[in-house]
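Each chain, letter by letter, is given below.
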Amino acid sequence: MEIRPIISTLFRNKTGAILIALQIALTMAVVVNAVVVIQDRAATMAKPTGVDDNHLININVASLADEVDVRAEYEQDLGAIREIPGVQNVAKIETLPLSNSGSATSYHISDDPTSPSTNVAYYRVGYHALETLGVEITRGRWFRQDEVVFDPADGSTPKVTVIADFVAQEMFGDEDPVGKYMYTSLGTGIEIIGTYDLMSRPWYSWGEFYSTVMFPVVERNAPVVVRVDPADRDRMIDTLETTLAEVDQERLVGDAQTLEEVIARTYQRDVAMNRMLTIVMFLVVLITGLGIVGLASFSVMQRRKQIGTRRAIGAQRFHIVRYFLTENWIVTTFGIVLGLCLTFALNALLISEYNLPKLNPVLLPVSVLGLWFVGLAATMGPARTAAGVDPAIATRSI
Amino acid sequence: MLSYYSKLAWLSLKRNPLLSALMVGAIALGIGVSMTTLTLYYVMSSDPMPLKSDRVFAVQLDSWSPDEPYYDRDGGAPPPQLTYRDAMALMESDIPTHHATMMHRGFAVRTENENLRQEHKSGRATYAGFFPMFDVPFLYGGPWTKEQDESAARVVVLSRETNEKLFGGADSVGEIAYLDAEPFRVVGVIDSWQPMPLFYDLNNGAFTETEELFVPFSVPISKEYGAHGSTNCWKPEMIESFQDFLQSECVWVQHWVQLDTAAQQDAYQAFMDGYATEQKALGRFQRPLDNRINNIMEWMEFRQVVGDDNRLLVVLAFMFLVICLLNTVGLMLAKFLNRAPLIGVRRALGASKSDVALQHGVEVFLIGLLGGLGGLLLSYFGLLAVRNWYRGYEYLAKLNPEMVATSIVLAVLAAIVAGLYPTWHITRIQPAVHLKTQ
Amino acid sequence: MLSMDSITKVYRAGVIETHALRSLSLEVAAGEFVAVTGPSGSGKTTFLNIAGLLEAPSGGRYVLDDVDVSTMKDKARSQTRNEKIGFIFQGFNLIPDLNIADNVEVPLRYRGWSRSERKQKIDEALELVGLSARKQHLPSQLSGGQQQRVAIARALAGEPKLLLADEPTGNLDSLMARQVMELLEQINESGTTIIMVTHDPELARRAGRNVHLLDGQVSDFQPIEPPPAESEDHVAIVA
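Only a predicted model underlies this, so the values are computations on that prediction, with no experimental measurement involved.

**Things to note about the nonpolar core**
Link 1 in the chain: Core analysis: the biggest nonpolar cluster contains 218 residues, and Phe130, Phe134 and Trp256 of chain B together with Met4, Phe47 and Tyr62 of chain C have the highest contact counts within it.
Link 2 in the chain: Residue contributions to this core peak at 17 residues, all from helix 11 (residues 308-338) of chain B.
Link 3 in the chain: Leaving out residues up to four positions away in the same chain, Met4 of chain C has contacts with Leu24, Ser25, Leu26, Phe47, Ile50, Ala51, Arg61 and Tyr62 of chain C.
Link 4 in the chain: The next biggest cluster of nonpolar side chains, apart from the first, holds 42 residues, and it includes Leu96, Tyr122, Val167 and Ile192 of chain A.

Here it is in structure tokens:
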């Protein structure tokens, strides 16, 4: 290989090489850091909710009457829904994972308000919630029908709870939590009668994602959550909504949405961000690649005489191709070295300014290989043009 | 001479259509991507009420827990909302030109027209001062009265769209609309009104539409309705009734004041601090005195209306623009140098350095202009995509005249910056060098 | 050494055909110094390109060093150029970004020699042309005569059997031209076959044999040409 003469040639035509190297370096910094963001978002979005997302439909109901018999309404609504063929289960559940609306509070391990506490998001759910959501009991038991409280007075504390394994671990470590109590800050105890495997919070922006508990409470106007087969899901939405509207003409029924739609809305900013970053990444690589094609073409055009001379004194076509590829490889590699520094600098800046995660070292070799490939692929065309230069050009004057 | 150079520039672009397209395309992409992100950023950080944004203030009282501040950042800051009882105490002040406590609350709405289905409409419960304070334009009628504020009168102000839907756009003042099945008398219809960002209640996003109807704040209170928003509590206290909730330390209402003069602002600050000190004596407000009024821009800054994502995108987009410019510099340089022999001939024929510079400057300008137009087109599509991807960005992701002008200017500036070095380089060509054979 | 039999070369540009060579036949024995002369457009450059394997003939048979090269593929032609032929161009054709030693090294690199072999050859070749002291200079730092001597060193470094020179003194003043000519004679004496294309009759006369091209064929008629009016020598004399 003719690395030394190529380097000395590059040194005499610095500007073009420096421009390409700078582009490569900036491209690397942008792409690697964009991938860091994308991976971070994708990892967040990939976390399971713990419930059977693709089975569930949520329908809001709002009664306008002054007084509502919540228990009677519950029986009526669930009865009507169960009549519909294809319905696997149905329950009234205050809110759903990743619906972006819900409540959280802290519970203590003893009635002393200074004792250790754990922040949990709580779900107030009807009896059939367990099977509707598809959550598994891991220890103890689920609520009994008679434990469910309908439309409690503001602020009244539930008597029993089923908590997530995650919360059990946080509060009691490896001890069996069943039969233990957790306490409000006013010292009221709630008996833990069981634990379930996994259910995420209604939001992902703050707090531990899986720190949740369930209470056997049905509030007035709690949404109806229906479990259906995913294949039937989309065509059943309208039927479900109409059925509920017919149960009580006076109330407002609407916003029927699949849980997947609800989740998509919650994540829409992240999805959009990832799309934009992906597009920017793609364009950056495209522009840099095209820039290399352009500059290499000019370089070939300017060196036609020299290429012809090389061919005349015995260079084979592959020698010429190899020359240009080697030249580009050297410039790209120089850009990559610069790019590594820039990438780390940008990453450090983004970590401090935007809470970006640290970059995964695996990204570096991958991006190096990728950029080498882009450089060589972009140079291939002009290099082949160069190889096609007629050696007889050497004997022409000018 | 300029038209001659323009012609030369055009010919030069046409001679090498692929490379010219590459140069123009690189600038267009750089501008397109940066302008898309910049437009988002610009609208997010723009002043929603330029005429009086420095005279209208969001109020913060530090009624939070003695153990920890509401916000950790900047050494602690008071909560963004107020307790009901504190807001009611502030409403007693006669210092502000206008003031209003408010909350977001939806209603099921219908009219006596049986053909219209009952529908859920978003609403805002507030005081009469809301309308003059925020310069809300009225199409028909006007705000309700102070007396109606106090008596929880069943009156409603409709948005233009709601009035069109319910009453076909007619002057509906005096008509009856049913809100949650209860009759309300229409007192006013407002004209199209959409401050962007929607600064006065950031609980449900800063880029949402204004509410579809407005009722006195006392109405939902009398119906024992909480807010559709965010309620935050710190104190362990027994809340068993709505009255308990109203008297609790939970923060959940927004409070805005208009203070036109510095004297008013000072007086109001003293009033808030006086109130807090009074409450300290009653065992509340145990934190150090930290009560604030924030004008609209300060408020949006404090509430971080422009998200990290958007700032990050702007940073990356501008790095992208730099890459595109480096690209263009390289291509222009190569292109100009490739015609160095020709320039040598022109110089020998008597062209001065400045002639050569002007000739290339015109070409650079042309590339920038074309790139800017291309970039504008791309940002149009970029914003279209953003509108598709974000619900609630409909008002945000639109090209406005300022941004159109900015794109063109930015593109031409970018091209000129990119063309500076190549142009300088080519003017340094000695007439003689390239006349000899190589 | 070289045998051309009825070589033709036709250039096509659209429907127009230009016959650059019409049935050219020529034999050159090993160790000869042949000057090819002829007026502009007589086919000198085409002859040189075909002899140097830069172009393939349209018809006829060309045997170089006992190998039929008329139908060779590009790769073999490149290798033959590299191993058997040395070129000296009118415009020198040095690579401006490489220093003298690197320029001489170019053909050797394509031959895949080791670094020490290359270094030795470069030293020998530059020694021969008397430019050993200028190894690190760039072509632009040398005079025209020196540049042409570098080009000769480059042509000789690979120890070619055939040296093709295209107006080697065309861009040089008379003193430098004489030096270059002496160098070529010296090289020929050491056994290298040389074919030189020139329109300078004085130069041609110093060669062992003259071949005159006229209208794409070898002509038996040997005209005595007057010195060309545009020659720099001539201008110098008048001045």
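After that view of the structure, there is still more to cover.
**Description of a nonpolar patch on the surface**
Link 1 in the chain: Side chains of Trp10, Phe365, Leu369, Leu370, Leu373, Ile416 and Leu420 of chain B sit close together on the surface and give an oily, nonpolar patch of about 620 Å² of accessible area.
Link 2 in the chain: As for its placement among the helices and strands, Leu373 of chain B is situated in helix 13 (residues 353-389).

**Structural notes on the environment of Phe302 of chain B**
All names here are of chain B.
Link 1 in the chain: Mapped onto the elements, Phe302 comes out in helix 10 (residues 296-302).
Link 2 in the chain: Measuring from C-alpha to C-alpha, the distance between Phe302 and Gly368 comes to 38 Å, with 66 residues separating the pair along the chain.
Link 3 in the chain: Setting aside its immediate chain neighbours within four residues, Phe302 contacts Gln60, Tyr71, Arg73, Ala77, Pro78 and Arg292.

**Concerning the packing of aromatic side chains**
Link 1 in the chain: Within the structure shown, the criterion is met by 41 aromatic pairs over all chains.
Link 2 in the chain: Taking 6.1 Å as the distance between ring centres and 80° as the angle between the ring planes, the aromatic pair formed by Tyr107 of chain A and Phe215 of chain A counts as edge-to-face. With Tyr107 of chain A in strand 3 (residues 103-108) and Phe215 of chain A in strand 10 (residues 212-215), the pair connects residues that are 108 residues apart, well separated along the chain.
Link 3 in the chain: On the basis of relative accessible area, Phe215 of chain A is assigned to the buried category, the value being 2%.
Link 4 in the chain: Summarising the aromatic geometry, the rings of Phe134 of chain B and Tyr200 of chain B are spaced 5.5 Å apart at their centres and angled 15° between planes, so their arrangement reads as stacked. With Phe134 of chain B in the loop between helix 4 (130-133) and strand 6 (138-141) and Tyr200 of chain B in the loop between strand 9 (182-190) and strand 10 (213-216), the pair connects residues that are 66 residues apart, well separated along the chain. Neither Phe134 of chain B nor Tyr200 of chain B differs from the other in exposure class; each is buried.
Link 5 in the chain: One residue, Arg73 of chain B, lies across the ring of Tyr71 of chain B, its end atom 4.6 Å from the ring centre.
Link 6 in the chain: Geometry around Tyr178 of chain B places Arg110 of chain B over its ring, the cationic atom sitting 4.7 Å from the centre.

**Describing helix 6 (residues 230-247) of chain A**
All names here are of chain A.
Link 1 in the chain: The terminal C-alpha atoms of helix 6, which comprises 18 residues, lie 25 Å apart, in line with the 26 Å expected from a rise of 1.5 Å per residue.
Link 2 in the chain: Of all the bends in helix 6, the greatest measures close to 55° and is centred on Met236.
Link 3 in the chain: Taken together, the buried positions of helix 6 are Asp232, Arg233, Met236, Ile237, Leu240, Thr243 and Leu244.
Link 4 in the chain: Capping the start of helix 6 is the job of one residue whose side-chain oxygen sits 2.9 Å from the backbone nitrogen of Ala231: Asp229.

Calculation notes
- For every chain, the first residue of the written sequence is number 1, and numbering continues from 1 along that sequence.
- Each chain takes a letter, starting from A, and each ligand takes a number, starting from 1, following the order in which they are written.
- Predicted model: local features are reported for residues with pLDDT of at least 70 only, side-chain atom pairs are reported and counted for 80 or more only, and whole-chain, interface and lining totals are derived from all residues.
- Hydrogens and waters are ignored; side-chain quantities use all the structure's heavy atoms.
- To qualify as a nonpolar core, a set must consist of buried Ala, Val, Leu, Ile, Met, Phe, Trp, Tyr and Cys residues joined through side-chain atoms within 4.5 Å.
- Relative accessibility under 20% of the residue-type maximum defines a buried residue, over 50% an exposed one, and the middle range a partly exposed one, all with a 1.4 Å probe and only protein chains included.
- Here a strand is any run of E in DSSP of at least two residues, a helix any run of H or I of at least four, and the numbering for each starts at the N terminus.
- Any two residues having at least one pair of non-hydrogen atoms within 4.5 Å are treated as being in contact.
- Two distance rules govern patches: like charges are joined within 9 Å, and nonpolar side chains (Val, Leu, Ile, Met, Phe, Trp, Tyr) within 5 Å, applied only to residues with over 30% relative accessible area and no salt bridge.
- Computed with a 1.4 Å probe, the accessible areas rest on the Shrake-Rupley method; for each residue, only the protein chains presented here act as cover.
- Every case where a carboxyl oxygen of Asp or Glu lies within 4 Å of a side-chain nitrogen of Lys or Arg is listed as a salt bridge.
- Side-chain rings of Phe, Tyr and Trp (the six-membered ring for Trp) are treated as a pair once their centres are within 6.5 Å; stacked means planes under 30 degrees apart, edge-to-face means over 60, and tilted covers the remaining angles.
- Any Lys NZ or Arg CZ that is within 6 Å of a ring centre and within 35 degrees of that ring's normal is treated as a charge sitting over the ring.
- One less than the residue count of a helix, multiplied by 1.5 Å, gives the span that helix is expected to have.
- Bend, at a single residue, is the angle you get between axes fitted to the 7 residues ending at that residue and the 7 residues starting at it.
- The definition of a polar contact used here is a pair of N or O atoms within 3.5 Å, where within protein one atom must be able to donate a hydrogen and the other to accept one, and adjacent residues in sequence count solely through side-chain atom pairs.

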